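What follows is each chain in one-letter form.
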Amino acid sequence: MQLNSAYARASSSAGGLCMDGNIYCRQKCSICGAKLVHDERRRGFFCTVHPHVMATGGFYIKFPGGIRRASKCYDTMMRQLTAMRYETDQDRFDPRMHRPDNPLAFDKLARVYIAERKTDPISDNMKRQIENKLVQAIAVWGDRPVKAIGRREIKHFIKGLTNQRTGKPLSNKSMVNYSSVLHHFFTKWLVEEEYLMPHEVPAFPEIKYELGWRKITTLEKQDEILDVLRERTRHNPKIWFGAELLRTYPTMRPGDLHRMKEEDIDLEFGVIDMPKPTKGRGQRKIVRLVDEHVEVFREFRERYPAMPGMPFLRHCANGTNYKRDQQMGENCFRRWWNRVCDDLGVEGVQLYGGTKHTTTTATAKMLSREAAKAATGHTTDKAFLRYCQTKGEEALAVHQQVVEKRKKKNSGKVVSLG
Ligand SMILES: [Zn+2]
């Protein structure tokens, strides 16, 4: 492997301290033209005949491994020579760190990495994300050798980032995104490409982040919001029902709802079967509906007849800016959700956190209690993940459980267009 030879000791000093390489000077005595001689004690190069004549530049060093460095400054040269000798002593001398073309420069390598990712089978959005994050790192680290970027540098970079629009510090979740891009670059790519040895990979700072706990609410509050939402959107009950679906089936995303067509709703089997969901790359998404929701869909179908290809989220009547059966805007839910939250004095709970995350979290808590009872040893996190991934029958059972719980609390009245 190339690296091993690159790391081979360039030193010839067996046992003792490395004294490899040396410092030289091109300047001559300005009086007699003689070579100036190195005097380490006086820290410079002097004429042996005219001791007050001192070299003012033209210093250079030669070091085994084909290394030549030059500078006008004697101290700089001595520091570099000492560093290389020290690294040799430590058995970690890498000539690439000292070559003038700087083959380990972060900016150069990061750009190669970005270019390579462009041919990866990942989404364009992901490619843009990677490029955007590395370009910001390039602005900070420039041509610093990748070997000189450690845990501390990475931590300072990530903690120092601000939101490009608001100028506020990044959320921990965003920090984790930056960290994972850098992590792949440093710990995988640089090693595979033999720029770093596995033991040279920097440790990464630990960034704690929770799944937006502050942005969720309780099931009780969720009920309250849904009730008000329902009252306020009587002109189009699909707005309330959409939120109801989002909070009951956490695999369903607002984008899915917006794309859902009448033909995707199979009332015979009680499922929503979406051939092209927003996430999942071509995999169809099937959501088993609880009976109450099948009934609501049936009522909708009677009240608002439709052709199979029509979007489910259509306006139910003519309005000032829209016509009956016209598809509702994508932000419709969000707008109504925020309006109702404002009125109820609920702060910072977005549609997603207030429906999906609130339900999953509450359910995970419910499930983990049972899991604890059964002594399966599942941690809350595992139960949570398991819940998020459950499909089909298992998911239906969970959704049913949530709906039952709501029913009990509301003494029977659950869902109906009323
Ligand atoms: Zn002289």
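Draft legend 1. The arrangement of the overall build of the protein in detail. Helix and strand counts for the protein stand at 14 helices and eight strands. Burial status across the protein gives 27% buried among its 418 residues. Long-range contacts, defined as pairs at least 24 residues apart, comprise 58% of the intrachain contacts of the protein with a sequence gap of at least 6.

Draft legend 2. Spotlight on helix H4 (residues 124–141). An ideal rise of 1.5 Å per residue puts 26 Å on 18 residues; H4 measures up with 26 Å between its terminal C-alpha atoms. Taken as a whole, H4 has its buried residues at Ile 130, Lys 133, Leu 134, Ala 137 and Trp 141. Each buried residue of H4 sits inside an arc of 95° when the element is viewed along its axis, so together they form one side. Exposed residues pointing more than 90 degrees away from the buried face of H4 are listed as Asp 124, Asn 125, Arg 128 and Ala 139. Summarising the contacts, the buried residues of H4 are in contact with helix H3 (106–117), helix H5 (151–159) and helix H6 (172–192). Of the residues one or two after H4, Gly 142 is the one with positive phi, at around 50°.

Draft legend 3. Here's a closer look at the sheet that holds strand S4 (residues 59–63). With respect to topology, three strands assemble into an open sheet ordered S1-S4-S5, the strand pairing being antiparallel. In this open sheet, the two edge strands, each paired with only one partner strand, are strand S1 (22–25) and strand S5 (67–71). Between one strand and the next, the sheet's axes are offset by a mean angle of 25°, whatever the strand orientation. Relative to S4, S1 runs antiparallel, the two being bridged by four bridges. Note on S4: the bridge partner recorded for Ile 23 is Ile 61. Taken strand by strand, helix H2 (residues 74–89) contacts S1, S4 and S5, and its axis lies near 10° from that of S4.

Draft legend 4. Structural context of H2. With 16 residues, H2 ought to run about 22 Å at 1.5 Å a step, and its terminal C-alpha atoms sit 23 Å apart, in line with that. Residues of H2 that are buried: Tyr 74, Leu 81, Met 84 and Thr 88. On an axial view of H2, the arc spanned by its buried residues comes to 105°, and they lie on one face. Residues Asp 75, Arg 79 and Thr 82 are exposed on H2 and point more than 90 degrees away from its buried face. Just past H2, the residue Asp 91 takes up positive phi, approximately 65°.

Draft legend 5. Quick look at the packing of helix H8 (residues 237–248) against helix H11 (residues 332–344). Closest axis-to-axis distance for the H8/H11 pair is 10 Å, and the angle between their directions is 90°. Comparing their axes, H11 and H8 come out roughly perpendicular. Residue-level contacts link Ile 239, Gly 242 and Ala 243 of H8 to Cys 332, Phe 333, Trp 336 and Trp 337 of H11. A breakdown of the residues in the contact of H8 with H11 according to their chemical character gives six nonpolar, one polar and no charged.

Draft legend 6. Examining the nonpolar core more closely. Membership of the largest hydrophobic core comes to 34 residues, with the highest contact counts inside it found for Leu 229, Ile 239, Ala 243, Phe 333, Trp 336 and Trp 337. Mapped onto this core, the elements with two or more residues apiece are helix H7 (219–232), H8, strand S7 (271–274), helix H10 (291–303) and H11. When near neighbours in sequence (up to four residues on either side) are disregarded, Trp 336 contacts Leu 229, Thr 233 and Ile 239. Counting residues in hydrophobic clusters, the runner-up holds 18 residues, among them Val 146, Val 181, Leu 182 and Leu 190.

Draft legend 7. Representation of unusual backbone geometry. Despite not being glycine, Arg 43 has its phi angle at roughly 50°, a positive value. Examined against the element boundaries, Arg 43 turns out to sit in the loop between strand S2 (37–39) and strand S3 (44–46). Positive phi outside glycine occurs at Glu 194, with the angle close to 60°. Looking at the element boundaries, Glu 194 is found in the loop between H6 and H7. Judged by local crowding, Glu 194 falls into the exposed class, with 11 C-beta atoms found within 10 Å.

Draft legend 8. Representation of the environment of Lys 238. Tracing the backbone through its elements, the reader meets Lys 238 in helix H8. Taking the C-alpha atoms as reference, Lys 238 lies 9.7 Å from Phe 297; in sequence the two are 59 residues apart. What Lys 238 contacts, discounting residues up to four positions off in sequence, is Leu 313 and Cys 316.

Draft legend 9. Layout of the sheet that holds S7. With respect to topology, three strands assemble into an open sheet ordered S6-S7-S8, the strand pairing being antiparallel. Only two strands of the sheet have a single partner each, and these edge strands are strand S6 (265–266) and strand S8 (285–288).

Draft legend 10. Up close: the confidence of the model for the protein. Per-chain confidence: the protein averages 82 in pLDDT, with 83% of residues scoring 70 or above. Within the protein, the lowest mean pLDDT, 42, falls on helix H1 (residues 2–7), and the highest, 97, falls on S3. Segment residues 371–384: pLDDT under 50, and twelve contacts once partners within four positions in sequence are set aside and those in other chains are kept. The low-confidence segment residues 386–391 (pLDDT under 50) makes nine contacts with residues lying over four places distant or belonging to another chain.

Draft legend 11. Focus on the pairing of S5. By the bridge criterion, five bridges tie S4 to S5 in an arrangement that is antiparallel. Following the sheet pairing, Lys 62 is matched in S5 by Arg 68. Here S4 hands over to S5 after three residues, with Gly 65 in that stretch at a positive phi of 105°.

What counts, and where the lines are drawn
Residues numbered from 1 in each chain as written. Predicted model: local features only at pLDDT ≥ 70, side-chain atom pairs only at ≥ 80, totals over all residues. Helix = DSSP H or I, 4+ residues; strand = E, 2+ residues; numbered from the N terminus. Buried ≥ 20, exposed ≤ 12 C-beta atoms within 10 Å, placed from the backbone. Contact = placed C-beta atoms within 7 Å. Expected span 1.5 Å × (residues − 1). Arc of directions from axis to C-beta. Pairing = 2+ DSSP bridges. Axes fitted to C-alpha atoms, helices over the stretch in contact; angles between N-to-C directions. Parallel < 35°, antiparallel > 145°, perpendicular 65-115°, else oblique. Nonpolar A, V, L, I, M, F, W, Y, C, P; charged D, E, K, R; others polar. Core = buried A, V, L, I, M, F, W, Y, C linked by C-beta atoms within 7 Å. pLDDT = per-residue confidence, 0-100.

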